[in-house]
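# Fold and geometry: a report
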Amino acid sequence: MKGMAAIASGSLIGQLILAGATPLLSRIYPPESFGAFSVVLAISAIIGPAATLRFESALLLPKHEDDARRLFRLGMLSAVSISGLAVLAIWVADRAAWNVGWEEVDYAPAWVGGMVLASATFSVLSQAALRDRNYATVAKRSVAQSAGIVVGQVAFGALTLSPAGLLGGFLVGRCVGYVPLVRATKSLLARPSSGDYRTILRSYWRFPLVLTPSGLLNALGTQLPMIIIAAWFGVGSAGELGMAQRLVFIPATLLGTSMGEVFGAEMSRRLRLGLGGERQIYLRSSARMGLISVAVVVGILVLAPWFLPFVLGPAWGESGFYAQAMAMSVGAGLIASPMSKVYAIHQSFASIAVDTTRIVFIAVAATGAHFLHLDAVQTTWALYGAQTLNYAVTWIYGLRIVSRADVNYEQKAFMRSPVRVMRQRVYLWTRDAPGANLGSVEVFPIARENVSRVLDFRSAQQVSVFENYLDEGRTGVFGAVGERVVGHAWASSRSDTTATLSRYFRLRPGDTLIHHCHVDESARGQGVYGAMLRALVEKMLADSRVRRIFIDTERSNVPSIRGIEKAGFSFVEEATYIRVGKWLVFRTQKK
């Protein structure tokens, strides 16, 4: 959530900059210029996802830095190559007199190629920053880019009122946004020291061969309404639609993109570490975005018809009605777009089918609008209604992907240990233990800010486990010798309900169980274990709701038993548990 907050705050500032400058830009440039600019932007946005061959999405997955460096280079090389092909393709189309609004733009092929190159390389750098969870840098990127766009477009507007002023300003903004990203991704610029590109391509072949066509189809479906309106009703109508998009998509850009980047990073991390629980995160994130979506849709439907013309000026009288036509699509996209990251993360072939449905839905809507002779606003309602339907399909199948992933994860976990027999000795805290000389041992609470310090002596998987414990309200402490963390211990309490902890230990109201204790082998015998236990006992007893504090350990773990008894715990019982998968099927105890 902190990552999302950082990116959202940066996006908020960036979008406020763009929104604040919109009334000025709408009075500098006429709707026709905005229409031609929007068409070129739409075409570059269609080609953009294919330009990197989606290698930037794979950047979040490799465990080894050298693999990430190769993916980074492949993404950059693809961006340069395909942007060059885009210049050639638009030049051929222009020669054939096939255009949908770019005839208003001088040197249109060069502009499209430049926009594709800038967007593609920007995307690669952004994903590289997210790989290191450098959310602050991504937030700075948003602010720098927006400020650069506004300054550039206003400055060029003093020279020309043509679409070139808007396009030039946009490219200036992209270039300014590079600055914080390049600084944060220097590690990926280094030459890989091991491995080869063939291995990388074998591991991530689905990204260029499956996800690239999918991204191309997705972008085409997103941008088709703009191209259709420009082709059928002219660049003036396209300008009104483009300006409405600029304003009503602020919530989608601000919240949807921020949530998507953090959601994608978190889901990739869980997949990389084999943690499972993806369906729960998917549903929880969708529910949060759903609440925001309802407020956004209602606000657009009620306010847009009078608010947009008031803000933009008398030349933009139709913009509010275009905004209304897009409201449902904006709301659905706020939910579905961030969640669609699961298609790329799981390299799902279904993304092609889902994105194809968008093209089909829009084609059907456009055909119906044509035969019914609908005007530009009515056609916009039909086109964005088709997009809304596709967002529903996208979300539903995304839920299917994460649900199947969780089932597979549980099956693998079951196969690793289908039957587990645990023989535990249970102890109850009964007395104050004599304070020992801690020497160089330091005990301090585990919190969000320091949870990663477990990496001093344990694997990255423990970071996620500890983060989940903190989310559940458990209390933990680190034990450190010198500057290095060498131990941890956790306590879980039940204040008002009875519950089974770790699928076997039953806690009643007022009970606390100390669990998940570990001391690095290099630090054993230095009093770390006892110090952590005493610290947890003090913390738990400070809570008036805690009546009993238990701890258990395997009956064969003699050093742990000695440490527990020395810390002031008394033996209660010896229990045997048999667990099949996640179900406790047998329990017996004796004093």
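As the structure is a prediction and not an experimental result, all values here were calculated from the model.

## Topic: the overall build of the protein
Tallying secondary structure elements over the protein gives 20 helices and ten strands in all. In the protein, buried positions account for 53% of the 591 residues. In the protein, once contacts between residues fewer than 6 apart in sequence are set aside, the share between residues at least 24 apart is 79%. Surface exposure of the protein reaches about 26,600 Å², of which carbon and sulfur atoms provide 60%.

## Notes on the packing of helix α11 (residues 235-248) against helix α13 (residues 278-312)
Where α11 contacts α13, the two axes come as close as 12 Å, and the packing angle between them is 115°. The chirality of how α11 crosses α13 is right-handed. Residue-level inspection shows M243, A244, L247 and V248 of α11 in contact with α13, the latter providing I300, L308 and L312. Looking at side-chain class alone, the contact of α11 with α13 contains seven nonpolar, no polar and no charged residues.

## Thoughts on helix α18 (residues 461-471)
All of the buried residues along α18 are Q462, V463, S464, V465, F466, E467 and Y469. Two residues or fewer past α18, G473 is found with a positive phi of approximately 85°.

## Observations regarding unusual backbone geometry
At R54, a position not held by glycine, the phi torsion is positive, near 60°. Here the phi dihedral of H516 falls at roughly 45°; this positive angle occurs in a residue that is not glycine. You can see H516 is positioned in strand β7 (residues 511-519).

## Let's talk about the packing of aromatic side chains
What characterises a pair of aromatic rings is the spacing of the ring centres plus the angle enclosed by the ring planes. In total, this model carries 14 aromatic pairs according to the counting rule given. Centre to centre, the rings of W306 and F307 are 5.9 Å apart; their planes meet at 85°, and the pair counts as edge-to-face. For W306, a relative accessible area of 52% translates into the label exposed. According to the relative accessible area criterion, F307 is partly exposed, its value standing at 40%.

## Notes on the side chain of N390
Within the secondary structure layout, N390 lies in helix α17 (residues 376-416). What makes N390 buried here is its relative accessible area of 0%. Once residues lying within four places of it in the same chain are set aside, the contact partners of N390 are V354, T357, R358 and F361.

## A closer look at helix α10 (residues 206-233)
The end-to-end C-alpha separation of α10 is 39 Å, in line with the 40 Å expected for 28 residues at 1.5 Å each. Maximum bend of α10: about 45°, positioned at Q223, with proline P225 one to four residues after it. Following α10 by one or two positions, G234 adopts a phi angle in the positive range, close to 95°.

## Quick look at the nonpolar core
Counting 102 residues, the largest nonpolar core has F34, L59, F263 and I300 as its most contacted members. A total of twelve residues in this core trace back to one element, the largest contributor, which is helix α5 (residues 108-131). Once you skip the residues sitting within four places of it in the chain, F34 turns out to touch L25, S26, Y29, L166, G239, M243, R246 and W316. With 25 residues, the next largest nonpolar core counts V441, A489, A523 and I564 among its residues.

## Here we look at the side chain of T553
Mapped onto the fold, T553 is located in strand β8 (residues 548-554). Looking at T553, the relative accessible area reads 7%, which means it is buried.

## Regarding a nonpolar patch on the surface
The grouping of V294, V298, L301, V302, L303, W306, F307, F310, M328 and W381 at the surface amounts to a nonpolar patch, some 1,000 Å² of accessible area in total. Considering every element that reaches the nonpolar patch, the biggest residue donor is α13, with eight residues. As for its placement among the helices and strands, V302 is situated in helix α13.

## Here's the deal with the pairing of strand β4 (residues 484-494)
Judged by how many residues are buried, β4 sits mostly within the fold: eight of eleven residues are covered. Where strand β3 (residues 475-481) lies against β4, seven bridges are found, and the strand directions are antiparallel. Paired with A480 across the bridge in β4 is V485. Where β4 and β7 come together, seven bridges link them in antiparallel fashion. Looking across to β7, one finds that A491 is bridged to I514.

## A look at the packing of α13 against helix α14 (residues 319-339)
The description of two packed helices rests on the angle between their axes and on the distance between the axes. Relative orientation of the contacting elements α13 and α14 amounts to 165°, with a least axis distance of 8 Å. As judged from the angle between their axes, α13 and α14 are roughly antiparallel. Once α13 is placed against α14, the crossing between them reads as right-handed. Across the contact of α13 with α14, the residue classes break down as 20 nonpolar, eight polar and no charged.

Cut-offs applied
- Residue positions within a chain follow its written sequence, with the count starting from 1.
- The model is predicted, so local features are restricted to residues of pLDDT at least 70 and side-chain atom pairs to those at 80 or more, both for listing and for counting; the totals for chains, interfaces and linings are taken over all residues.
- To obtain the side-chain values, all non-hydrogen atoms of the structure were used and water was disregarded.
- By the criteria applied, helices consist of DSSP H or I runs no shorter than four residues and strands consist of E runs no shorter than two, each listed in order from the N terminus.
- Exposed residues in this analysis have more than 50% of their type's maximum accessible area, buried residues have under 20%, and partly exposed residues fall in between, with area computed by a 1.4 Å probe over protein chains only.
- The contact rule is simple, with two residues in contact once any of their heavy atoms fall within 4.5 Å.
- Reported accessibility uses the Shrake-Rupley method at a 1.4 Å probe radius. Residues are deemed covered only where the shown protein chains occlude them.
- To obtain each axis, a line is fitted to C-alpha atoms, and for helices this fit is confined to the stretch in contact; angles are then taken between N-to-C directions over 0 to 180 degrees.
- Handedness of a crossing is defined here by the sense of rotation of the near helix relative to the far one, left-handed for an anticlockwise turn of less than a right angle and right-handed for a clockwise turn.
- Nonpolar residues are Ala, Val, Leu, Ile, Met, Phe, Trp, Tyr, Cys and Pro. Charged residues are Asp, Glu, Lys and Arg, and all others, Gly as well, are polar.
- Think of it this way: a Phe, Tyr or Trp ring, Trp meaning its six-membered ring, pairs with another when their centres are within 6.5 Å, and the plane angle makes it stacked under 30 degrees, edge-to-face over 60, tilted otherwise.
- One fewer than the residue count of a helix, multiplied by 1.5 Å, yields its expected span.
- One fitted axis covers the seven residues ending at a residue, a second covers the seven starting there, and the bend at that residue is the angle between these axes.
- Definition used in this section: a nonpolar core is a set of buried Ala, Val, Leu, Ile, Met, Phe, Trp, Tyr and Cys residues joined via side-chain atoms within 4.5 Å.
- Patch membership requires more than 30% relative accessible area and the absence of a salt bridge. Residues of like charge join within 9 Å; the nonpolar side chains Val, Leu, Ile, Met, Phe, Trp and Tyr join within 5 Å.
- Take a side-chain nitrogen of Lys or Arg and a carboxyl oxygen of Asp or Glu: if they are within 4 Å of each other, that pair is a salt bridge.
- Paired strands are those between which DSSP finds at least two bridges.
- In this scheme, roughly parallel covers angles under 35 degrees and roughly antiparallel covers those over 145, while 65 to 115 is roughly perpendicular and the rest are oblique.

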